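The lines below spell out each chain.
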Amino acid sequence: MATHVRRAFKYRFYPTDAQAAELSRTFGCVRKVYNMALAARTEAWALRQERINYNATSAMLTAWKKTEELAFLNDVSSVPLQQTLRHLQGAFTNFFARRAKYPRFKSRKRSRNSAEYTTSGFRFRAGKLTLAKMSEPLDIVWSRPLPEAASPSTVTVSQDAAGRWFVSLLVEDPAVQPLPAGGRAVGIDAGLDHLLTLSTGEKITNPRHERRDRARLARAQRDLARKAKGNGANRLKARRKVANVHARIADRRRDHLHKLTTRLVRENQTLVIEDLSVRNLLRNGKLSRAISDAAWSEFRSMLEYKAQWYGRDVIAVDRWFPSSKLCSNCGTVQNKMPLSVRTWTCGCGVTHDRDVNAARNILAAGLAVSACGAGVRPQRESSLTGQSVMKQESPRREP
């Protein structure tokens, strides 16, 4: 029986000059409303210990539109403005649930230009998408078909740093259904010499997408550095060239990860990975560039949502588990294991490939955790007391 999954189908489109101008105005108004609402919520709590929620900011938006100073907010569709207030509410919810940092103000240069439309803000008929305040449909390149009889619930329009325009349609896809259950399980060790090493012994090459375009990127960045500061046409053109190189790298990386994660999910019922703290690993100045290019966080995100789609299990073992130093044959833990050591021989006489051994230990630890029902993240144990070491924090107070 098919399971209805909500999926976002992203396409590139080419707006007319009038559509581009309308969308640019909408992006600016969305950013303005978000920043004003964030400032109001922050100030209300800091000065008066007053809680402001979505309903209060929505009333503020109505009042802002009636002022002469902010009358321009009436020139764009009200739907994206209401949606950005809902996004701000979600950002605060994630903050108080300790899933994210405190919401930040949106920057014109650094923030992503986007606007979200619900069903009242667009019309989708016969494969033609027309947004509110526009008389013509968007010129979309339908690079892949939407599910049959799909009806988008939300539409998100965005423009990346390279100046490319995209539209994302959120629809229900009845074609996605759980795959037949199987007993195959695999441990996955993430690395830099090889992007992934599997417990089966297979090593997946690291494409090093950033390194392939490093010379081109450096040249574009040098050209940008020579331009006069400000918003001159030459500097904007040079900045766009840098963004184009970054976009090329990101597109190749994302395509490779999609193909890789889809293959792993289709072939295995249980996938065991390490719960890596990529943010902390990026503090290593010598390896941060390579770690960023490997995109371990993006790999995990893709693996988890695809596993949920297709009825697979993803288990994450604790980052402190000594997968590389533990002998998968006898269970002996080595005292030291520098990164330069790629093969080593245990006292039991077995010679290990460092990464394959780590992947096998990760698989064994994940299956053990799954069997005992202790959750996906066993706590780090103190070497002195043998007790779980957990960070003690006082709960946050929600404004």
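Residues numbered from 1 in each chain as written. Predicted model: local features only at pLDDT ≥ 70, side-chain atom pairs only at ≥ 80, totals over all residues. Heavy atoms only, no water.

By the naming in an unreviewed UniProt entry, the protein chain is Transposase, taken from Streptomyces niphimycinicus.

Enquirer: Sorry if this is basic, but what is going on with the overall build of the protein chain here?
Expert: For the protein chain, the helix and strand inventory stands at ten helices and 14 strands. When the backbone C-alpha atoms are referred to their principal axes, the protein chain occupies close to 80 × 55 × 50 Å. For the protein chain, with 399 residues in total, the buried portion stands at 41%. Counted over contacts in the protein chain with a minimum sequence separation of 6, partners at least 24 positions apart contribute 70%. Roughly 23200 Å² of accessible area belongs to the protein chain as shown, and the carbon and sulfur atoms make up 49% of that amount. Distance from the positive charge centre (70 side chains) to the negative charge centre (35 side chains) of the protein chain: 5 Å. (Helix = DSSP H or I, 4+ residues; strand = E, 2+ residues; numbered from the N terminus. Buried < 20%, exposed > 50% of the residue type's maximum accessible area, 1.4 Å probe, protein only. Contact = heavy atoms within 4.5 Å. Areas by Shrake-Rupley, 256 points an atom, 1.4 Å probe, with all protein chains shown as cover. Lys, Arg positive; Asp, Glu negative; His and termini not counted. Charge placed at Lys NZ, Arg CZ, Asp CG, Glu CD.)

Enquirer: Is there a simple way to explain a positive patch on the surface in this structure?
Expert: A cluster of basic side chains, namely Lys101, Arg104, Arg279 and Arg283, defines a positive patch on the protein surface. With respect to the helices and strands, the residue Arg283 is situated in the loop between helix H7 (278-281) and helix H8 (288-294). Overall, Arg283 belongs to the exposed group, its relative accessible area being 66%. (Patch = residues over 30% accessible without salt bridge, like charges linked within 9 Å, V, L, I, M, F, W, Y side chains within 5 Å. Salt bridge = Lys/Arg side-chain N within 4 Å of Asp/Glu carboxyl O.)

Enquirer: What exactly am I supposed to notice about the pairing of strand S4 (residues 128-131) here?
Expert: Strand residues, when the strand is regular, have side chains that alternate between the two faces of the sheet. Two elements, strand S3 (residues 122-125) and S4, share four bridges in a ladder whose sense is antiparallel. Residue pairing in the sheet places Phe124 in a bridge with Leu129 of S4. (Pairing = 2+ DSSP bridges.)

Enquirer: Please explain the packing of helix H1 (residues 17-48) against helix H2 (residues 54-65) as it appears in this structure.
Expert: A pair of packed helices is captured by two measures, namely the crossing angle of their axes and the spacing between those axes. Contact geometry of H1 with H2 gives a least axis separation of 11 Å together with a crossing angle of 125 degrees. The angle between H1 and H2 places the two elements in the oblique class. Helix-helix and strand crossings are classified by hand; for H1 and H2 the assignment is right-handed. Judged by residue contacts, Val33, Met36, Ala37, Ala40 and Arg41 of H1 engage Tyr54, Thr57, Met60, Leu61 and Trp64 from H2. Taken together, the residues of the contact of H1 with H2 break down into eight nonpolar, one polar and one charged. (Axes fitted to C-alpha atoms, helices over the stretch in contact; angles between N-to-C directions. Parallel < 35°, antiparallel > 145°, perpendicular 65-115°, else oblique. Left-handed = near helix turned anticlockwise from the far one by under 90°. Nonpolar A, V, L, I, M, F, W, Y, C, P; charged D, E, K, R; others polar.)

Enquirer: Please explain the UniProt feature "domain: Probable transposase IS891/IS1136/IS1341" (unreviewed entry) in the protein chain as it appears in this structure.
Expert: What UniProt calls "domain: Probable transposase IS891/IS1136/IS1341" (unreviewed entry) maps, in this numbering, to residues 170-283. Across residues 170-283, helical content stands at 49% and strand content at 20%; the span's end C-alpha atoms are separated by 36 Å. (UniProt positions renumbered as here; feature names shortened; annotations may be inferred.)

Enquirer: Help me understand the nonpolar core in this model?
Expert: The biggest cluster of nonpolar side chains holds 42 residues, and the ones touching the most others in it are Leu23, Leu131, Val157 and Val167. Within the residue set of this core, elements represented by two or more residues are strand S1 (5-13), H1, H2, helix H3 (78-96), strand S2 (113-118), S4, strand S6 (154-159) and strand S7 (165-173). It is H1 that contributes the most residues to this core, ten residues altogether. Not counting residues up to four positions away in its chain, the partners in contact with Leu23 are Phe13, Tyr117, Leu131, Met134, Val157 and Trp165. Counting residues in hydrophobic clusters, the runner-up holds 26 residues, among them Val176, Val186, Ile273 and Trp296. (Core = buried A, V, L, I, M, F, W, Y, C linked by side-chain atoms within 4.5 Å.)

Enquirer: Is there a simple way to explain empty space enclosed by the protein in this structure?
Expert: Rolled over the atoms, a probe with the dimensions of a water molecule shows which regions are left empty. This structure, assessed with the given rule, holds one cavity of 30 Å³ or more. Every residue lining the largest cavity is listed: Leu195, Asn206, Pro207, Arg208, His209, Arg253, His256, Leu257, Asp293 and Ala294. Of all elements in the fold, only helix H6 (233-267) and H8 reach the threshold of two or more residues within the lining of the largest cavity. Looking at which element gives the most residues to the lining of the largest cavity, the answer is H6, with three residues. Its residues placed into classes, the lining of the largest cavity shows four nonpolar, three polar and three charged. (1 Å grid on protein atoms, 1.4 Å probe; cavity = no way out; pocket = protein on both sides within 12 Å on 5 of 7 lines; lining within 4 Å. Points joined across faces, edges and corners; volume = space filled by probe spheres on them.)

Enquirer: Explain helix H9 (residues 296-310) to me, please; I cannot follow it from the model alone.
Expert: The first and last C-alpha atoms of H9 sit 21 Å apart over 15 residues, in line with the 21 Å expected at 1.5 Å per residue. Taken residue by residue, H9 has Trp296, Phe299, Met302, Leu303, Lys306, Ala307, Trp309 and Tyr310 as its buried positions. The arc that holds every buried residue of H9, seen down its axis, measures 150 degrees, which confines them to one face. (Expected span 1.5 Å × (residues − 1). Arc of directions from axis to C-beta.)

Enquirer: Please explain the pattern of salt bridges as it appears in this structure.
Expert: For side chains of opposite charge, pairing can occur when their charged atoms come near one another. The final tally for this structure, using the stated rule, is 22 salt bridges. For the salt bridge of Arg7 with Asp173, the shortest nitrogen-to-oxygen distance reads 2.9 Å. With Arg7 in strand S1 and Asp173 in strand S7, the pair connects residues that are 166 residues apart, well separated along the chain. Taken as a pair, Arg7 and Asp173 share a single burial class, namely buried. Linking Arg300 and Glu304 is a salt bridge whose minimum nitrogen-to-oxygen distance equals 2.9 Å. Of this pair, Arg300 and Glu304 both sit in helix H9, four residues apart, which is roughly one turn of that helix. Judged by its relative accessible area of 24%, Arg300 falls in the partly exposed class.

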